[in-house]
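Descriptive structure summary
Here are the chains, one letter per residue:
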Amino acid sequence: MRVLVVEDDPQLSAWLKTTLSDALGHADVVDNLDEALAAVGVQPFDLVVLDRRLPDGDGITLISRLAQLRPRPGVLMLTAFDDPVEIARALDAGADDYVPKPFEPVELVARARAVIRRLQVDRKGVLTVGNLSFDTAARSVRVANNPIPVPRRELALLEALVRRAGQVALREVLEAAAYGFDDEIQSNALDAHISRLRKRLRAADCSVAIKPLRGLGYMLEAG
Amino acid sequence: MPRGQPSIARLAAALLSLVVAATILCTWTLVSALQGDDGLFAQYDVAKVIQASISRGEDGAPVVSSTSELDGIKRAFPDLWYVVTTEGGRVHYGPVPASVRDGGAAAPSPAFDGGDGLRLTHWTIAARLGAKTVQIQVGGAVYSPAQAALSSLRDVNYTAIPLLVVTAATILVALLTVPALIARPVRQVSRSAERIDGGSHGIRLPLGEAPRELVPMVAAFNRALERIDVASAAQRRFLSNAAHELRTPLTRVRTGLERVEDSDLRRVLVADVQSLSSTVTMLLQIARLSSDSPEMRRFDLVAAARATTAEHVPAALAAGVDIAFSGEGDAVHVTGSETAARIAVGNLVGNALQHARSGRSVLVEVRPPGTVRVIDHGDGVETGIRSEVLQPFARGRSSDGTGLGLALVAQVMAMHGGGVAMDETPGGGLTVSLTFRGAEA
């Protein structure tokens, strides 16, 4: 795993280098956009940790260049702006996630890991939460490496849940994932399908839990 | 348009109708004066005055009483004569022509005063006197042009009422149409102005559509808008610089703390940095809300509050607090800034999670026409200090927050013309209600 840190504050970049090297693998540090472009030109990176305000411009301008690289590195923006408009701009530009400054060190590392994991899923097509793996290409589910059969609708629901693991999957999002336009959705159909899915996972000794949230939807928690 | 405000259009209409009315009156007077009197007006008027003065004497003969009006007429027309005949007799006055006295046609009067050379020698009118008929013959009176004009205006049936009707109709039409005509371009300009809201910048009133009289005002308004844009851009730059200058050193301190070996000390210092960070965040949010009035538009309060609640679920579950949402069935549309509303609801949910006892629940509820309630089962806030905690840097007794969250909520609600209410949750805890104005249809 190779990480590029683009940060002009020497103290912070030194800390990022040490912390990310320890947590993820080798980390290189540059302090401006030009050097960052030069670095990604000679060496593929899995993750670029990118500051917004750099001496030669806004970090956002680098994102489109990074998106053209193959393999594409994940982009985690560090920003002192908390203006929602600025955050939206960064995400719209193609950043995979943003971490507002000041950040909690553990949160930064966790988010960096999550970005890398999502990118790897995109490459291999397997989503993993706890001992559950969901192969999006083969549309199969394994718990602790043992395949378990899941019917079509429950599979669609599980995929939507796994993709949002640790976050709320709102009812309407799940319904949109599992039912077509022509399906007549009974008001409790979703709950019935989720209930069967939970039984199935429990029977297979799955470590993840599907937590119901009244008025909101469901959330997949790694056990 | 608010009542009681002076209206240029109404004033213009009133002035216009006065001018029209004066023109009609003047024209009529002038026409009457120029037309002059061929004896018709004067002798008719005199006959009416005589009729009003007639009574019956004891012998049945008519008596013409002397009235001041009749005396005035006699003085004004030296040649005036009249004969009043009833069944009981007749009375006469002045140089009655022999022909009339004898019952024939009147001899031509000697006085001609131009005109078309025609002259009415005398009038004979019949009137009622009690049950009897009375015949009044009048001659020898003719109006001067000025008298003719005045007399025609005094004539209620033939002149005054039609003139009054025409004038009133003109004034009415002017009052109804002129304000609308004058106000139309003004309304066009104000419609353009309505499209300007606090959030969108660079918008100007179109100078091209404005009537010439409004151009100086529209131009001045546009210059003011420009100054506001410049000031608000400077304010945004300042806030973004402030954010950067405050957060970068905080980040350095926070990451530096990882090297502190004494774990107790580190925990205390980290908590301080976190509290300082959230103070900075909220101060910046408050500053941004005060400086940059956000775009007000229709949005679904249910969707906004629900999404904000969903964002807080991971934190809630980590803290062992159950969180739920109620009112997800139907959309509740309100007018306001969705971003600001989410900040307000997020702050309330954050507060509720902080104060909720482990194992208890936090409920976020949206009700039409525009109320969000965040209900916790924590320690609550004493009645006495409820309005106090809405002030910046005021904290409840058990709070370890920044003291800014509720101030921020209060500011957001003030911005929306809405309200914040705090009540005790049945069974203990705090219920905070935010009331937004309903969406205008």
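To start, this report covers the structure provided alongside it. Quick caveat: nothing in here was measured; it's all calculated off a predicted structure.

Cut-offs used in this document
Residues numbered from 1 in each chain as written. Chains lettered and ligands numbered in written order. Predicted model: local features only at pLDDT ≥ 70, side-chain atom pairs only at ≥ 80, totals over all residues. Helix = DSSP H or I, 4+ residues; strand = E, 2+ residues; numbered from the N terminus. Contact = placed C-beta atoms within 7 Å. Buried ≥ 20, exposed ≤ 12 C-beta atoms within 10 Å, placed from the backbone. Pairing = 2+ DSSP bridges. Axes fitted to C-alpha atoms, helices over the stretch in contact; angles between N-to-C directions. Parallel < 35°, antiparallel > 145°, perpendicular 65-115°, else oblique. Left-handed = near helix turned anticlockwise from the far one by under 90°. Nonpolar A, V, L, I, M, F, W, Y, C, P; charged D, E, K, R; others polar.

1. Description of the overall build of chain A
- Counting secondary structure elements, chain A contains eight helices and 14 strands.
- A separation of at least 24 residues holds for 54% of the contacts in chain A among residues at least 6 apart in sequence.

2. Focus on the pairing of strand 3 (residues 81–86) of chain B
Residue and element names in this part refer to chain B.
- Of all six residues in strand 3, five are buried; the element is thus mostly enclosed.
- As paired strands, strand 3 and strand 6 (residues 132–139) are joined by five bridges and run antiparallel to one another. Pairing of Tyr82 across the sheet is with Val138, part of strand 6.
- Relative to strand 4 (residues 89–93), strand 3 runs antiparallel, the two being bridged by five bridges. Note that in strand 4 the partner of Tyr82 across the bridge is Tyr93.
- The hairpin formed by strand 3 and strand 4 contains two residues between the paired strands.

3. So, unusual backbone geometry
- The step from Lys101(A) to Pro102(A) runs through a cis peptide bond, and the omega angle for that step is -10°.
- If you trace the backbone, Pro102(A) turns up in the loop between strand 7 (97–100) and helix 5 (105–124).
- In the segment running from Pro368(B) into Pro369(B), the intervening peptide bond is cis, with an omega of 5°.
- Within the secondary structure layout, Pro369(B) lies in the loop between strand 10 (361–367) and strand 11 (371–375).
- You will see that Arg139(A), though not glycine, has its phi angle at about 50°, which is positive.
- Position of Arg139(A) among the secondary structure elements: in the loop between strand 9 (132–135) and strand 10 (140–143).
- C-beta crowding within 10 Å serves as the criterion here: with 13 such atoms nearby, Arg139(A) is assigned to the partly exposed category.
- We note that Asn145(A) has phi near 70°; this positive angle belongs to a residue other than glycine.
- Mapped onto the secondary structure, Asn145(A) falls in the loop between strand 10 and strand 11 (146–148).

4. What to know about the environment of Leu430(B)
Residue and element names in this part refer to chain B.
- Looking at where Leu430 falls in the secondary structure, it is placed in strand 13 (residues 430–435).
- Judged by the 24 C-beta atoms lying within 10 Å of it, Leu430 falls in the buried class.
- A C-alpha to C-alpha distance of 9.3 Å links Leu430 and Ala356, two positions 74 residues apart in sequence.
- Setting aside residues up to four positions removed in sequence, Leu430 forms contacts with His355, Asp376, Gly378, Gly380, Val381, Met422 and Thr425.

5. Digging into the packing of helix 1 (residues 10–24) of chain A against helix 7 (residues 215–256) of chain B
- Contact pair helix 1 of chain A / helix 7 of chain B: the axes reach a minimum separation of 9 Å and the direction vectors enclose 40°. Considering their axes alone, helix 1 of chain A and helix 7 of chain B lie oblique with respect to each other. Pair helix 1 of chain A / helix 7 of chain B crosses with left-handed handedness. Residue-level contacts link Gln11(A), Leu12(A) and Trp15(A) of helix 1 of chain A to Thr251(B), Arg252(B) and Thr255(B) of helix 7 of chain B.
- For the contact of helix 1 of chain A with helix 7 of chain B, the per-class residue count stands at two nonpolar, three polar and one charged.

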